[in-house]
Amino acid sequence: LTGEVRDWYVMLGFAAFKVDRVTWLRFCHHCADEMVIRYGELYWHKLHQLPSVLVCPLHRSSLSHSKVDIRHVGRHDFIAADRETCPVNAELLIPQAWQDEMTMARLNALALASVRLCEPDFQRKTLGGWTTYYRRRFEALGLASASGRVKLNRLTVGLRSHYGNLLQWFPELHQQASLPWLGKLARKQRTRSHPLQHLLLDGYLDFLASR
């Protein structure tokens, strides 16, 4: 993996939540081709292994499943990225039939937001800071009443409509119509939420603000 990876999964808050962890290492075919030309070998990108990253933020193309199932690999084992573990005919995370322009654009935006989340200068917030942040955004976008009450049904319907079919790639987040995780973010926050949930909500609010 490239870059500093020590304790990154715990640091980003993934360990305590129900969002599925990545179980098969992933790679980008375009990145792999460029690695061979530039370095003569392949390596793993840590950003490609985040649950929120399904497309390569450099090439706007679907990532692919490698042959490395990390559930069956020791934590200290070294598994090289090569043409055996990352074959040219590897299965795409997003099948070609689902790669319409809107879906890929929004998945790419999600990947880019994930990159920013991992940058050292990212401004982290306390639970109270997140509560204040979202309340201000809701009020500015007409998603909260004058008394501060969030229009949760409108928010839920809008977010589902915005992301459409791409939510199927995160089944653990949209199996229930009410999106309970969204209600948790919209109210006073008392416990941590998965970064992917924040990214989806913030991306939708950014979309509304840009209209």
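Bear in mind the structure is a predicted one, so any value in this text is a computation, not a measurement. (Residues numbered from 1 in each chain as written. Predicted model: local features only at pLDDT ≥ 70, side-chain atom pairs only at ≥ 80, totals over all residues. Heavy atoms only, no water.)

(A) Structural detail: helix α4 (residues 127-140). In a regular helix each residue adds 1.5 Å, so 14 residues correspond to 20 Å; α4 covers 20 Å between its end C-alpha atoms and thus fits that length. The set of residues buried in α4 consists of W130, T131, Y134, R137 and F138. Angularly, the buried residues of α4 cover 140 degrees about the axis, an arc narrow enough to put them on a single face. Of the exposed residues in α4, those oriented more than 90 degrees away from the buried face are R136 and A140. Taken together, the buried residues of α4 touch α5 (152-163), α7 (180-186) and α8 (195-210). Positive phi appears at G142, one or two residues downstream of α4, with a value of about 75 degrees. (Helix = DSSP H or I, 4+ residues; strand = E, 2+ residues; numbered from the N terminus. Expected span 1.5 Å × (residues − 1). Buried < 20%, exposed > 50% of the residue type's maximum accessible area, 1.4 Å probe, protein only. Arc of directions from axis to C-beta. Contact = heavy atoms within 4.5 Å.)

(B) Representation of the confidence of the model for the chain within the structure. Summing up the model confidence of the chain, the mean pLDDT is 88 and the portion of residues at 70 or higher is 91%. Ranking the elements of the chain by mean pLDDT puts helix α1 (residues 8-11) last, at 47, and helix α2 (residues 29-39) first, at 96. (pLDDT = per-residue confidence, 0-100.)

(C) Broad picture of the packing of aromatic side chains. Per the counting criterion, the structure on display carries 6 aromatic pairs. Ring geometry for Y39 against Y43: centres 6.0 Å apart, planes inclined by 65 degrees, an arrangement best described as edge-to-face. Judged by its relative accessible area of 31%, Y43 is partly exposed. Here the aromatic cluster, defined as three or more aromatic residues joined through ring pairs, consists of W130, Y133, Y134 and F138. A cation over an aromatic ring shows up here: R106 above the ring of F207, its NZ or CZ 5.1 Å from the ring centre. (Phe/Tyr/Trp six-rings, centres within 6.5 Å; stacked < 30°, edge-to-face > 60°. Lys NZ or Arg CZ within 6 Å of the ring centre and 35° of its normal.)

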